[in-house]
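Take a look at the letters that make up each chain.
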Amino acid sequence: NFEIICINDNSPDTCAEILRRLSNEDSRLNIITNNTNRGAGISRNIGLQKARGKYLIFFDADDFCEKGLLQNACKLCEENRLDILIYDYYTYNNCSGEKVERHMPLVFQQMLGDKCVFSNKVKESFSLQICTSSSWRKMYNRQFVIQNHIMFQDISSANDVLFNQLAGMCAKRVGYSN
């Protein structure tokens, strides 16, 4: 029970053809094609405006997820009434096939202990560090993002840094899952 919004940012390759074929196979796929290359920040904002689900995850073209990520992340967000869920990830080497697990920094794990939700007191002490710049390793409550007017910047790189810093400072409930 999810929607997939793919923004084709005027890709010069066969991306449009691949997306069209995939959308014929899966009705959950909503394709939006930019007439000109607008960049990742603007494209993410377009997707954000079109999204209707309760939660958001932003993947880039080179990202993929483990089976069950959406179900498990949604469950944690629901159970803990989270604004943001941060999760661990793997780096993957396309040539060797090597997969390396990456975790939240040890200092945050020590602060959390056996809990999975940061208290406001703990969060305030490191809110700028907890919400690292990458938006692809987090799930966001869509209403939280909209109500706080959090948007991606229209810049060529690192357009998710401000998005995540604002989200981290505005969030009342931030969770973590390995």
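A. Molecular detail of the pattern of salt bridges. As enumerated under the stated definition, the model contains eight salt bridges in all. Here arginine 44 makes a salt bridge to aspartate 160, at a shortest N to O gap of 3.9 Å. Residue arginine 44 is located in helix H2 (residues 40-50), and its partner aspartate 160 is located in the loop between helix H7 (142-147) and helix H8 (161-170); the two are separated by 116 residues in the primary sequence. The exposure class assigned to arginine 44 is buried, which follows from its relative accessible area of 11%.

B. Structural detail: the side chain of aspartate 83. Mapped onto the elements of the fold, aspartate 83 is located in the loop between helix H3 (69-80) and strand S4 (84-87). Salt bridges are absent for the buried aspartate 83, whose nearest opposite-charge side chain, lysine 172, sits at 6.7 Å. Within the local environment of aspartate 83, its side chain forms a polar contact with the backbone nitrogen of lysine 172, the two atoms lying 2.7 Å apart. Ignoring anything within four residues of it in the chain, the contact list for aspartate 83 reads Met139, Tyr140, Asn141, Phe144, Ala171, Lys172 and Arg173.

C. Quick peek at the pairing of strand S5 (residues 89-92). Bridge analysis of S5 against strand S6 (residues 99-102) gives four bridges, and the strand direction is antiparallel. Its bridge partner being in S6, tyrosine 90 is matched across the sheet by glutamate 101. The antiparallel pairing of S5 with S6 creates a hairpin that spans six residues between the two strands, and glycine 97 there sits at a positive phi of about 80°.

D. Main features of the nonpolar core. Membership of the largest hydrophobic core comes to 15 residues, with the highest contact counts inside it found for Leu56, Phe58, Ile84, Tyr140, Phe144, Val145 and Phe163. Counting residues per element, the ones that place at least two in this core are S4, H7 and H8. Contacts of phenylalanine 58, omitting those with residues within four sequence positions, involve Arg44, Leu48, Ser135, Trp136, Tyr140, Phe152 and Phe163. Tyr55, Leu82, Tyr87 and Met139 belong to the second largest nonpolar core, which has nine residues in total.

E. Region of the structure containing the environment of tyrosine 90. By the element assignment, tyrosine 90 lies in strand S5. Owing to a relative accessible area of 39%, tyrosine 90 belongs among the partly exposed residues under this scheme. When the C-alpha positions of tyrosine 90 and glutamate 66 are compared, they lie 9.6 Å apart, and in sequence the two are 24 residues distant. Contacts of tyrosine 90, omitting those with residues within four sequence positions, involve Glu66, Lys99, Val100, Glu101 and Arg102.

F. Here's a closer look at the environment of leucine 82. Position of leucine 82 among the secondary structure elements: in the loop between H3 and S4. When the C-alpha atoms of leucine 82 and arginine 173 are compared, they prove to be 4.9 Å apart, with 91 residues separating the residues in sequence.

G. Structural view of the packing of aromatic side chains. One pass over the structure, following the stated rule, counts seven aromatic pairs. Summarising the aromatic geometry, the rings of phenylalanine 152 and phenylalanine 163 are spaced 3.9 Å apart at their centres and angled 5° between planes, so their arrangement reads as stacked. Taken together, the positions of phenylalanine 152 in the loop between H7 and H8 and phenylalanine 163 in helix H8 put the pair 11 residues apart, joining distant regions of the chain. Judged by relative accessible area, phenylalanine 152 falls into the buried class, the value being 5%. A relative accessible area of 0% means that phenylalanine 163 is categorised as buried. Each member of the aromatic cluster is reached from another via a ring pair, and the members are Phe58, Tyr140, Phe152 and Phe163. One cation-aromatic arrangement involves arginine 44 over phenylalanine 152; the distance from NZ or CZ to the ring centre is 5.2 Å. Seen from the ring of tyrosine 90, lysine 99 lies directly overhead, with NZ or CZ sitting 4.4 Å from the centre.

Parameters and conventions
- Residues numbered from 1 in each chain as written.
- Predicted model: local features only at pLDDT ≥ 70, side-chain atom pairs only at ≥ 80, totals over all residues.
- Heavy atoms only, no water.
- Salt bridge = Lys/Arg side-chain N within 4 Å of Asp/Glu carboxyl O.
- Helix = DSSP H or I, 4+ residues; strand = E, 2+ residues; numbered from the N terminus.
- Buried < 20%, exposed > 50% of the residue type's maximum accessible area, 1.4 Å probe, protein only.
- Lys, Arg positive; Asp, Glu negative; His and termini not counted.
- Polar contact = N/O pair within 3.5 Å; in protein donor to acceptor, adjacent residues only side chain to side chain.
- Contact = heavy atoms within 4.5 Å.
- Pairing = 2+ DSSP bridges.
- Core = buried A, V, L, I, M, F, W, Y, C linked by side-chain atoms within 4.5 Å.
- Phe/Tyr/Trp six-rings, centres within 6.5 Å; stacked < 30°, edge-to-face > 60°.
- Lys NZ or Arg CZ within 6 Å of the ring centre and 35° of its normal.

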